[in-house]
Amino acid sequence: MCGIVGYVGTPGKTPSAVGLVLDGLRRMEYRGYDSAGIAALDGKGGMAVEKRAGRLDNLAEAVEDANLNNYESTTGLGHIRWATHGRPTDVNAHPHVDSDNKIAIVHNGIIENFAVLRAELEADGFGLRSDTDSETIVHLLHREYYGDGENRGSIDKSVRAVANMLEGAFTIVIAHADHPDRLLACRRNTPLVVGIGEDAMFLGSDVAAFIEYTRQAVELGQDNIVTITKDGYTITDFAGTEIEGRPFTIDWDLEAAEKDGYDYFMLKEIAEQPHAIADTLRGHLHNGRIVLDEQRITDEDLRQIEKIFVVACGSAYHSGMLAKYAIEHWTRVPVEIELASEFRYRDAVLGPDTLVLAISQSGETADTLEALRHARAQKARVLAICNTNGAQIPRESDAVLYTHAGPEIAVASTKSFLAQVTANYLVGLALAQARGTKYAEEVEEIFQDLENMSAKVEKTLEQWDNVNEIAGHFAQNDTMLFIGRNVGYPVALEGALKLKELAYIHAEGFPAGELKHGPIALLEEGVPVIVIMPSPKRHPLLHSKMVSNVQEVQARGATTIVIAEEGDDSVIPFADHIVRIPECPSLLQPLVATVPLQMLAAEIATQRGYDVDKPRNLAKSVTVE
Ligand code: AGP
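Attention here is on the structure that accompanies the text. (Residues numbered from 1 in each chain as written. Predicted model: local features only at pLDDT ≥ 70, side-chain atom pairs only at ≥ 80, totals over all residues. Heavy atoms only, no water.)

**A short note on the packing of aromatic side chains**
For clarity, the cut-off: Under the pairing criterion, centres of Phe, Tyr and Trp rings, with the six-membered ring standing for Trp, must be within 6.5 Å; the plane angle then separates stacked pairs below 30 degrees from edge-to-face pairs above 60, leaving the rest tilted. Here a strand is any run of E in DSSP of at least two residues, a helix any run of H or I of at least four, and the numbering for each starts at the N terminus.
For the coordinates displayed, the defined rule picks out eight aromatic pairs. Between Phe170 and Phe238, the ring centres sit 6.2 Å apart and the planes meet at 15°, which makes this aromatic pair stacked. Placement of Phe170 in strand S7 (residues 168-176) and of Phe238 in the loop between strand S13 (233-237) and strand S14 (242-243) is noted, with a sequence separation of 68 residues between them. On the basis of an interplanar angle of 35° and a centroid distance of 4.3 Å, the ring pair of Tyr504 and Tyr610 is categorised as tilted.

**Some words on the nonpolar core**
Put simply, the rule reads: Definition of nonpolar core: a set of buried residues of the types Ala, Val, Leu, Ile, Met, Phe, Trp, Tyr and Cys, connected through side-chain atoms within 4.5 Å. We call a residue buried when its accessible area falls under 20% of the maximum for its residue type, exposed when it is over 50%, and partly exposed in between, using a 1.4 Å probe and counting protein chains only. When checking whether two residues touch, look at their non-hydrogen atoms; a contact exists if any pair is within 4.5 Å.
If you look at the biggest cluster of nonpolar residues, it comprises 128 residues, and the most contacted ones within it are Ile308, Leu357, Tyr425, Phe482, Leu499, Ile530 and Ile604. The leading source of residues in this core is helix H13 (residues 415-435), at twelve residues. With residues near it in sequence (within four places) discarded, Leu357 still touches Phe309, Val310, Val311, Ala323, Ile327, Leu383, Ile385, Asn424 and Val427. Among the nonpolar cores identified, the runner-up in size contains 25 residues, and Leu121, Leu128, Ile155 and Ala163 belong to it.

**Observations concerning the pattern of salt bridges**
What counts, and what does not: Here, a salt bridge means any side-chain nitrogen of Lys or Arg that lies within 4 Å of a carboxyl oxygen of Asp or Glu.
Counting across every chain of the model gives 40 salt bridges. A salt bridge links Arg143 to Asp124; its shortest N-O distance comes to 2.8 Å. Remark: Asp124 occurs in the loop between helix H3 (114-123) and helix H4 (135-146) and Arg143 occurs in helix H4; sequence separation between them is 19 residues. Salt bridges here are not isolated pairs; linked through shared partners, they connect Lys307, Glu336, Glu338 and Arg346.

**Concerning the site of the ligand**
Just so we agree on the cut-off: One heavy atom suffices: a residue is near a molecule or strand as soon as one of its heavy atoms comes within 4 Å of it. Identification of polar contacts relies on pairs of N or O atoms within 3.5 Å, with a donor-acceptor requirement for protein atoms, meaning one able to donate a hydrogen and the other able to accept it, and with residues adjacent in sequence counted only if both atoms are side-chain atoms. Following the grouping adopted for this structure description, the nonpolar residues are Ala, Val, Leu, Ile, Met, Phe, Trp, Tyr, Cys and Pro, the charged ones are Asp, Glu, Lys and Arg, and the polar ones are all others, Gly among them.
The local shell around the ligand holds 14 residues, among which Ser360, Gln361, Ser362, Thr365 and Glu501 are the closest. Measuring from an oxygen atom of the ligand, one finds a backbone N or O atom of Ser315 at 3.1 Å. Between an oxygen atom of the ligand and a side-chain N or O atom of Thr365, the distance comes to 2.4 Å. If you list the elements that add at least two residues to the shell around the ligand, you get helix H9 (314-331) and helix H16 (488-503). Looking at which element gives the most residues to the shell around the ligand, the answer is H9, with three residues. For the shell around the ligand, the residue count by class is four nonpolar, eight polar and two charged.

**Some points on the pairing of strand S1 (residues 3-8)**
Condition: The rule for pairing is simple: two strands pair if DSSP sees at least two bridges between them.
For S1, the tally of buried residues reaches six of six residues, placing the bulk of the element in the interior. Residue alternation in S1 divides its side chains into two sets, Gly3, Val5 and Tyr7 and Ile4, Gly6 and Val8, and both sets are buried. Alignment of S1 against strand S4 (residues 75-81), held across six bridges, turns out to be antiparallel. In the sheet register, Val8 faces S4, and the bridge partner there is Thr75. Strand direction decides the pairing type here: S1 and strand S10 (residues 201-204), joined by four bridges, are antiparallel. When the bridges of S10 are listed, Gly6 appears paired with Leu203.

**Digging into the pairing of S13**
In terms of strand pairing, strand S12 (residues 224-228) meets S13 through five bridges, oriented antiparallel. Bridge pairing in S13 places Val226 opposite Ile235. Here S12 hands over to S13 after four residues, the two strands then running antiparallel side by side. Relative to S14, S13 runs antiparallel, the two being bridged by two bridges.

**Concerning the environment of Ile385**
Within the fold, Ile385 resides in strand S22 (residues 381-386). Considering only alpha carbons, one finds Ile385 and Ser205, 180 residues apart in sequence, at a separation of 20 Å.

**Some words on the sheet that holds strand S23 (residues 399-402)**
To keep it simple, the criterion reads: Angles here are taken between N-to-C directions and fall from 0 to 180 degrees, while the axes themselves are lines fitted to C-alpha atoms, restricted in helices to the stretch in contact.
Overall, mixed pairing links the six strands, which are arranged S18-S23-S22-S21-S19-S20 in an open sheet. The outermost strands of the open sheet, each flanked by one partner alone, are strand S18 (294-295) and strand S20 (335-339). Contacts from helix H11 (residues 366-377) reach strand S19 (307-312), strand S21 (354-360) and S22 within the one sheet, and its direction differs from that of S21 by about 165°.

**What to know about the packing of helix H7 (residues 273-281) against helix H14 (residues 440-460)**
Short version of the rule: An angle counts as roughly parallel when it lies under 35 degrees, as roughly antiparallel when it exceeds 145, as roughly perpendicular when it falls between 65 and 115, and as oblique in every other case. Crossing handedness follows the turn of the near helix against the far one: under a right angle anticlockwise gives a left-handed crossing, and clockwise gives a right-handed one.
Axis separation between H7 and H14 bottoms out at 7 Å; the angle between their running directions is 165°. As judged from the angle between their axes, H7 and H14 are roughly antiparallel. Here H7 runs over H14; the crossing is left-handed. Mapping the contact onto sequence places Gln273, Pro274, Ile277, Ala278 and Leu281 in H7 and Phe447, Leu450, Glu451, Met453, Ser454, Val457 and Glu458 in H14. Residue classes in the contact of H7 with H14 are distributed as eight nonpolar, two polar and two charged.

**A short note on a negative patch on the surface**
The test is simple: The residues that make up patches have over 30% relative accessible area and no salt bridge, and they are joined within 9 Å when like-charged or within 5 Å when they are Val, Leu, Ile, Met, Phe, Trp or Tyr. The protein chains shown are the only cover counted for residues, whose accessible areas, like all others here, come from Shrake-Rupley with a 1.4 Å probe. In this tally, Asp and Glu contribute negative charge and Lys and Arg positive charge; neither His nor the terminal groups of the chain are included. Charge coordinates come from a single atom per side chain, which is NZ of Lys, CZ of Arg, CG of Asp or CD of Glu.
Taken together, the side chains of Asp253, Glu255, Glu258 and Asp260 present a region of like negative charge at the surface. Assignment of secondary structure puts Glu255 in the loop between strand S15 (246-249) and helix H6 (265-271). For Glu255, a relative accessible area of 57% puts it in the exposed group.

**Some words on H13**
The test is simple: Expected helix span is given by 1.5 Å per residue-to-residue step, counting one fewer step than there are residues.
Between its first and last C-alpha, H13 extends 30 Å over 21 residues, near the 30 Å set by a 1.5 Å rise per residue. Directly after H13, the chain includes Gly436, whose backbone phi takes a positive value near 75°.

**Examining the sheet that holds S12**
Across the sheet, which stays open at both edges, the seven strands sit in the order S5-S6-S7-S8-S12-S13-S14 with antiparallel pairing between neighbours. Because the sheet does not close on itself, it has two edges, and the strands there are strand S5 (96-97) and S14. Pairing geometry for strand S6 (residues 103-111) and S7, over nine bridges, is antiparallel. Looking across to S7, one finds that Ile110 is bridged to Ala169.

**Thoughts on the packing of H13 against H14**
Think of two packed helices as two axes; the pair is described by the angle between the axes and how far apart they sit. Axis separation between H13 and H14 bottoms out at 10 Å; the angle between their running directions is 175°. It follows that H13 is roughly antiparallel to H14 by the angle criterion. Every residue of H14 that contacts H13 at Leu418, Thr422, Tyr425, Leu426, Leu429 and Gln433 is listed here: Val443, Ile446, Phe447, Leu450 and Val457. Classifying every residue of the contact of H13 with H14 by side-chain character gives nine nonpolar, two polar and no charged.

**Thoughts on unusual backbone geometry**
A cis geometry characterises the amide bond from His94 onward to Pro95, with omega recorded as 5°. For Asn189, which is not glycine, the phi torsion reads 70° and is therefore positive. For Asn189, the position within the fold is in the loop between strand S8 (183-188) and strand S9 (193-196). Its identity is not glycine, yet Asn617 carries a phi of approximately 65°, on the positive side.

The structure is reproduced here in structure tokens:
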């Protein structure tokens, strides 16, 4: 939700700020695309600012028209917006600038007390131009820096003072034209990382902002203020006490964040899924035991667990539904799956014998973060599954398993979803092992099955042409239904979500057995129904039930698209279209069955002329509740 880039370089040695910040924003575009803006300092007390509503290309054009590409500057900041307060207009775009055109700020998050602060500023004679909560910040800074108080003339003290006035979630980067050697930033509840370059330092909402220049980064803690200059950085808390950040090395490179010949990042990310599974498994079976990446609780603590809640949002939630099937089956511990946005607002029974499994690709989803804080406040243990090293969710958890899907740029989750499913199964095995409900050989056998899934996903990718051809029949439909049973049900939900968010088609997923209890009324001639068939060999009972369900929908005029195992010929009479997936253990089938649904959504969206990577109204990380 909103992307931020900051840069302080060395004149004559490192690239100029405008181009570098624009490039950084390009890589952050998945975080929002309602508007974009940039500010650069000329080192002589001057500052250039451009901002535009809409996609980054609009800003790039404005920069070109204003001849800013040649602007001499090695200090700059940029912002890509996902609108919360105020419509996506030029005026509401960031950076926001004070009345003297000296201070510029960009902000990610929500200032919850902005109405009070705004009223205070207006009473003090400040004229606010935008409808945003963010603009108040720049005027507060102006008031501190140019006022008669103790902070006058000190940008450090002014930033500290303002940080202490704000409530809510914020990452703010601040530039002052009279201090062109530095940028300051503060954060609470929203992400910010520092990049350590050669003769240059960077700030970014995530490392994609500066991955072209360095893989050395520093993670900031909660309520930290950081100052970067070309030579280094200092971190303090909001009281001004110096503290240490946590340095880390980024384990992916620029190439991983680029399209690599695909038309869209999403297509590349679908194709990368075999690696996402393999990389997520790598290193987690050690001497016959499943090991997590971080464990700050003991196996004894895990043995005490009597109930598990899985909390997550969107696709991560669908992956969590699969965790329930696996964990209950392997450990016999009851598991409840909850939407994170609902979890903390009901009175779930939580305590030291409860484990909350928080699943998040970004590790910064506000709903999930607040759900885990709520759980921890009641002494529950929290285990996080996350794709982003050092993000807030893993930092605040008792144990962590990182998925290694690599950077996921497309807004729609694909490889991170399959990696989450894989990680969920690893967590299930780790719990089973700690509690003694699975022998080491069984754990190893299931781990081996998981390893085999990479090749099976690779094989499923061969269906791409077939799926694209099928998509052509339905690209203009305005409704599609997805049905599955057991682990096929979360797959149906995930397929429907992909279609909704990418192709803007009304799509719903149902447990197939539930159709006849109501949704079957939606069926009429030609409505496409996508069916996830269980394996006839591995789950014959479920398979026969599903055959009946397909017959039921076809009898009511629906057009059926059946995702069926290779060799399952029983479905041929009832399938208008078939997509084949390899045979695999029933619990693991979602890893292959989801793939054609991702392809289908991407292809239908393309045929409808939509931007597959940047669906309307969405942002990759949702850092507001
Ligand atoms: C799905 O394609 C979306 N990207 C969305 O539902 C996502 O899974 C959800 O917002 C959770 O994000 P997270 O994994 O970063 O927490």
